[in-house]
Amino acid sequence: MKSHNYFVYITTNPSKTVLYVGVTNDLLYRLEQHKQNRGKPETFSGRYFCYQLVYYERYTYVQHAIDREKELKSWSREKKMELIKSENPYLRFLKADP
């Protein structure tokens, strides 16, 4: 049986002032898309240069990932930062390693 991977992820801009929460089934490709969209005003992550990965979670079922993304998007910035720092205390830019 094939295993499925879905990711809920958080990116930030180089100065770490903006957070973006997303969901994807191909984290490496999605991060590359964010990087290519830098400075493009038609997307949130492009407009705010949110292409640096600081946090991600892996899920087997897409609906679980979508539900988690919605949950994280509803959180305050402070609560998101607490979550990120629980795994990445220095807010280092991560390399996707799915």
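A brief structural summary.

Conventions used here
Throughout, a residue's number is its position along its own chain's written sequence, starting from 1. pLDDT decides what is reported in this predicted model: residues at 70 or higher carry local features, side-chain atom pairs at 80 or more are listed and counted, and totals for whole chains, interfaces and linings draw on all residues regardless. Only hydrogens and water are removed before side-chain values are computed, so all heavy atoms of the structure are retained for them. Numbering of helices and strands starts at the N terminus; helices are DSSP runs of H or I of at least 4 residues and strands are runs of E of at least 2. Whether two residues are in contact is decided by their heavy atoms, any of which lying within 4.5 Å being enough. Within 3.5 Å is the distance limit for a polar contact, defined as a pair of N or O atoms, with the added protein rule that one can donate a hydrogen and the other accept it, and that residues adjacent in sequence qualify only through two side-chain atoms. Pairs were defined over the aromatic rings of Phe, Tyr and Trp, the Trp ring being its six-membered one, requiring ring centres within 6.5 Å. Orientation was assigned from the angle between planes: stacked under 30 degrees, edge-to-face over 60, tilted for the rest. A simple rule labels every residue: compare its accessible area, found with a 1.4 Å probe on the protein chains alone, to the largest value its type can have, and call it buried under 20%, exposed over 50%, or partly exposed in between. Placement of a positive charge over a ring is assigned whenever Lys NZ or Arg CZ falls within 6 Å of the ring centre and within 35 degrees of the normal to the ring plane.

### Here's the deal with the environment of Arg68
Tracing the sequence through the fold places Arg68 in helix H3 (residues 62-74). For the pair formed by Arg68 and Glu57, sequence separation is 11 residues and the distance between their alpha carbons is 9.3 Å. Once residues lying within four places of it in the same chain are set aside, the contact partners of Arg68 are Val8, Tyr55, Glu57, Tyr59, Trp75 and Leu83. Polar contacts involving the side chain of Arg68 include one to the side chain of Glu71, which spans 2.9 Å.

### Remarks on unusual backbone geometry
Notably, Phe49 is not glycine yet its phi reads approximately 60 degrees, a positive angle. Mapped onto the fold, Phe49 is located in the loop between helix H2 (44-47) and strand E3 (52-59). Backbone geometry places Leu91, a non-glycine residue, at a positive phi of 50 degrees. By the secondary structure assignment, Leu91 is in the segment after helix H4 (77-87).

### Things to note about the packing of aromatic side chains
Evaluation of the coordinates by the stated rule reveals four aromatic pairs. Between Tyr20 and Phe44 the ring centres are 6.1 Å apart and the planes differ by 25 degrees, which places this aromatic pair in the stacked class. Taken as a pair, Tyr20 in strand E2 (residues 19-24) and Phe44 in helix H2 lie far apart in primary sequence, 24 residues in all. Judged by relative accessible area, which is 17%, Tyr20 ranks as buried. Taken together, a centroid distance of 4.8 Å and an interplanar angle of 45 degrees make the contact between Phe44 and Tyr48 tilted. Members of the aromatic cluster, each reached through a chain of ring pairs, are Tyr9, Tyr20, Phe44 and Tyr48. Over the aromatic face of Phe93 sits the side chain of Lys16, whose NZ or CZ is 5.0 Å from the ring centroid. The ring of Trp75 is capped by Lys79, whose NZ or CZ atom sits 4.5 Å from the centre of that ring.

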